[in-house]
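A structural walkthrough
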Amino acid sequence: MSIPNHILEQLNSQADLVSIIGRHTTLKRAGGEFKGCCPFHGEKSPSFYVNPQKNIYHCFGCSVGGNAISFLRDYENLTFIEAVNELSKQTGIEVPKEERQNVSYQRSAPKPAVPKPTTPKTSAPKSSSLPSVPSPAIDQSNLSQNSTDQGGVEQGGVEQSHVAQASYDDAHSYDDYPPLDAYDSAPYPADAYGSEYPDDTSYPPAWLSDSDETINLHGMDNSADADGNLYDLLEQIQQFYQNSLTTHPHAKHYFLSRGITEDIFETFGLGYAPFGWQHLEHQFPQDIEGLKALGLVRQSESGRDYDLLRDRVIFPIRDNQGRTIGFGGRALDDEVKPKYINSSDSPVFHKQHVLYGYYESRQQRANDWLVVEGYMDVIALYQAGIYGAIASMGTAINESQISRLLTLNPTLTLSFDGDSAGQKAAWRTLEVALPVLADDKELRFLTLPNNHDPDTFIKSQGGDAMRAQIANAMPLSQYIFAYLSERYDLTLVEGKAKLMSQVRALTMALPKGSSFKYLLNNDIYQKLGGKRSQNIEAKDALLDFDGDMTISQQLQLCFLFQPRALLEDPIESIWQQAGISDLQLPAHIKQKAASDTLRPLAWEDLQDTDLLDIVSTIKRCLRYLPADANAAAHFILSNVRPMTQETLSRSWGGFYKTLTARNILSLDELVENLVMQLLKLHLQKKMQELIKNPDHIKLAIVRKQSQLLNDWLRAQQAEQSAQMTTVKS
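Residues numbered from 1 in each chain as written. Predicted model: local features only at pLDDT ≥ 70, side-chain atom pairs only at ≥ 80, totals over all residues. Heavy atoms only, no water.

Digging into the packing of aromatic side chains
All told, the structure shown has 31 aromatic pairs when counted by the stated rule. Each ring, one from phenylalanine 40 and one from phenylalanine 71, has its centre 5.7 Å from the other, and the planes form 85°; the classification is edge-to-face. Taken together, the residues span a long stretch of sequence, with phenylalanine 40 in the loop between strand S2 (33-36) and strand S3 (48-51) and phenylalanine 71 in helix H3 (residues 68-74) at a distance of 31 residues. Where phenylalanine 240 meets phenylalanine 284, the ring centres are 6.1 Å apart and the plane angle is 85°; that geometry is what we call edge-to-face. In this pair, phenylalanine 240 is assigned in helix H5 (residues 230-247) and phenylalanine 284 in the loop between helix H8 (279-283) and helix H9 (288-293), connecting sequence segments 44 residues apart. Judged by relative accessible area, which is 1%, phenylalanine 284 ranks as buried. One aromatic cluster is present, built from ring pairs that chain together Tyr254, Phe255, Phe265, Phe268, Phe315, Tyr340, Tyr356, Tyr375, Tyr382 and Tyr387. Across from the ring centre of tyrosine 231, 3.9 Å away, lies the NZ or CZ of arginine 323, which sits over that ring. Lying over the aromatic face of phenylalanine 481, lysine 527 brings its terminal NZ or CZ to 5.8 Å of the ring centre. (Phe/Tyr/Trp six-rings, centres within 6.5 Å; stacked < 30°, edge-to-face > 60°. Helix = DSSP H or I, 4+ residues; strand = E, 2+ residues; numbered from the N terminus. Buried < 20%, exposed > 50% of the residue type's maximum accessible area, 1.4 Å probe, protein only. Lys NZ or Arg CZ within 6 Å of the ring centre and 35° of its normal.)

A look at the pairing of strand S18 (residues 442-446)
Of all 5 residues in S18, 4 are buried, a share of seventy percent or more. Direction of pairing for strand S17 (residues 411-415) relative to S18: parallel, over a ladder of 5 bridges. Note on S18: the bridge partner recorded for threonine 411 is glutamate 442. Where the polypeptide runs from S17 across helix H13 (residues 420-433) and back to S18, its parallel neighbour, the crossover connection is right-handed. The pairing of S18 with strand S19 (residues 474-475) spans 2 bridges and is antiparallel. Within the sheet, the bridge partner assigned to phenylalanine 445 lies in S19 and is methionine 474. (Pairing = 2+ DSSP bridges. Right-handed = clockwise from strand over helix to strand, strands pointing away.)

In structure tokens, the structure reads:
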């Protein structure tokens, strides 16, 4: 069976070579590469390198080298067909059973020039000079109708510039890895793949040859007998579109108005498809078959050919080698629908295998990778010096692409719009990523404020602010809870059960043996366990915020964050739960005790002016407070004494940020614990005063109250320990 070269290139490009080789030897990151001991020969000092960007390997000790197919054949002893089928399973790239698709096409002879007939001038209206072309029936399956910018998707084509034999001293340190340019020193010999390519004597492909022919804009060979090449044709079309941008000021103005500088035009090859139904046919009259194979020229129901992209700015889509393989076109007018059109799948372009911006980011040796939604997001980030932004093309990013990005960096950030469609896309990506999310890998989620996308946020806030947003992206565990908690009523047991059920289903998709599975289930279980489970998180947040604050100050901030905690007075609640309100005293003490001695404690008894000010203000304003916690806190602060306001205002912003960053929903038990500590301190202080100024009746009552409070506290702690033991088991 003869397998097209472009399919082999895609397989080698998309294969997770680090994981394939990592099954046989330990690889450690060394700069932009991975390094380890060569699996082909015994060595003590590592001299074996894997380049995940070019997806090739080389040993500087024994000079073995190649790509994914060669490794499977040479080390795992697979046949060529077995290696191809194995990579097909891993990457999802379908290997055609028959060679139906090829990058070649038959060029046609140029049409003879037909002299224009001379006709008398008429007074026909100007519109009659336009070609009478019926409105084409556009294939909606190939149109991207999202209202947001659409990105491109990654497809294969590994850059197979192999390494020449080189000497390597095993005495070199582990970090003395060769520069990336060393891989480009010379190509591997043409027989690097062996002779097991049946019926295909053209391997290596033409792009590996030493020739470096210059491509003309207006066609290759004028001979109709010479076959055309789709890659060459795409390159010429890209140059045509790019040149058209310079001759159509309104199109160039569109990019400039969106803040794109002219040097970025060249970096990304931006262009413009002129208005007109057959501009490509006129420009490339001998390549109609190739244009149709690429889906750039289509046929209407009436049989007339027309260009897919018309009066649109153009975003060339490149493969991993930097070759143009397709185009995305955006309408200049936002009212035109669809706003974005992507060229259809072709023998060289498969949407589900291409990531827009991957090649450009790789050229900048990007280390941190960020998945965004649109072309303009990728370009805006690149222009701001934030390399590593990539976008899929309409289709969701797939598992093999996520695996590849996580190989390049164990942390991958996903940035999607905050609207419903954007969050659904983020959730789908999360589900796709779980099977490849080993314990040493991490997903983070970034939703920009005020409905910004990266493009608009950078224009508004600048590159440094964007970097800060990326650095503070939400971890996967927090995102799952935040996303699901908005969809279930967590005030109901049924809502909590549904949320927990979905979390368990998600964690089942994690890799076998994942410890993250247990930790995530346990973390969310504790979040759903009511006030008890939130207490530890809230305490930690409070300590992280400011460990030097007094108990009273901590409690005041807690009341600001959660004023509803005073709907039921915490002191009265504790007094009742501890049984102090039903205090059993000997008859002689009860007879001699003053009436006010047996009443429950009140906030006034604590003799804390600031705390009393906060509590009384909240109780007075409770029914008028806004629903938003931050807004409610500022409402309360505007109604307290100036001194109290000044003290708390300095701490409120940081406290609020700390709690919200940890997704803490309830401070009920933290409030209860702080109030209990204040009560204990108050009772201890009162006993000391009564010992100094003896009042045996009052002292006996306070001692009994303190004893009941301590007994209740010990019971609470024992219950909490039992609950934690149950959770762990």
